[in-house]
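Understanding the architecture of this molecule
If you want the building blocks of each chain, they are given just below.
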Amino acid sequence: MYEIREYEEKDKKQLIELWIKVAVEEYGYKEWEEEIKMLGVTEYEKILVAVCENKIIGSMAYKKVDEKVAELKRVYIYKEYRGSGIAKELYNRIMEKIKEKKYSKVMVETWEKFQSGISFYYKNNFKLVIKDNKRYVLMLDIK
């Protein structure tokens, strides 16, 4: 069993570990490690975490792009917890927060290696707006 809640400062170490484990160790984006450590959690308007037995097992964040657009960021779930509905619940909860802030669009930038994520965004009605050099940018209009 897990719970979804807002990020707290005490979560920082575990959250950074999650991001590095998934992006760097699992998917091989070694060049992201220093950026993750350097930026940490400061650039995000809101971060939600999934927690199981006091361990952070997943995350989803967003940041403001401009007055109308929010960007989903740091959508990571440990491999052994994927397929259990955690991403969907994180997504639903973060979308509530985004709608409360009156954004009209949500974008996400992801990479070819994250096929499960790309499929997830398509299932949630995101539309591909840019595909270049293994990078995907998808956009969702909020009603």
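Analysis parameters
Residues numbered from 1 in each chain as written. Predicted model: local features only at pLDDT ≥ 70, side-chain atom pairs only at ≥ 80, totals over all residues. Heavy atoms only, no water. Core = buried A, V, L, I, M, F, W, Y, C linked by side-chain atoms within 4.5 Å. Buried < 20%, exposed > 50% of the residue type's maximum accessible area, 1.4 Å probe, protein only. Helix = DSSP H or I, 4+ residues; strand = E, 2+ residues; numbered from the N terminus. Contact = heavy atoms within 4.5 Å. Pairing = 2+ DSSP bridges. Axes fitted to C-alpha atoms, helices over the stretch in contact; angles between N-to-C directions. Arc of directions from axis to C-beta. Polar contact = N/O pair within 3.5 Å; in protein donor to acceptor, adjacent residues only side chain to side chain.

With respect to the nonpolar core
One finds Leu15, Trp19, Ile47, Leu72, Ile98 and Phe126 to be the most contacted residues of the largest nonpolar core, which totals 50 residues. Counting residues per element, this core draws most heavily on helix 1 (residues 12-26), at eight residues. Not counting chain neighbours up to four residues away, the residues in contact with Ile98 comprise Tyr62, Ala70, Leu72, Tyr103, Val106 and Ile142.

Notes on the sheet that holds strand 1 (residues 3-6)
Read from one edge of the open sheet, seven strands run 1-2-3-4-5-7-6, paired in mixed fashion. One side of each edge strand has no neighbouring strand; the edge strands of this open sheet are strand 1 and strand 6 (127-132). Taking each pair of neighbouring strands and ignoring which way they run, the sheet shows an average axis angle of 25°. Both strand 6 and strand 7 (residues 135-141) contribute to a ladder of five bridges, which runs antiparallel.

Description of helix 4 (residues 115-123)
Helical periodicity: at 3.6 residues per turn, an α-helix aligns residues three or four positions apart in one direction. Buried residues of helix 4: Gly117, Ile118, Phe120 and Tyr121, and no others. The buried residues of helix 4 all sit within an arc of 160° when viewed along its axis, so they share a single face. Residues of helix 4 that are buried in the fold lie against strand 4 (69-77), helix 3 (86-100), strand 5 (105-111) and strand 7. The first or second residue beyond helix 4 is Asn125, which carries a positive phi of 75°.

Topic: the side chain of Asn124
Among the secondary structure elements, Asn124 is positioned in the loop between helix 4 and strand 6. Exposure remark for Asn124: the relative accessible area of 9% places this residue in the buried category. Within polar-contact distance, the side chain of Asn124 engages the side chain of Lys88 at 2.6 Å. Of note is the side chain of Asn124, whose polar atom sits 2.9 Å from the backbone oxygen of Phe120. Apart from residues no more than four positions distant in its own chain, Asn124 is found in contact with Lys88, Tyr91 and Leu140.

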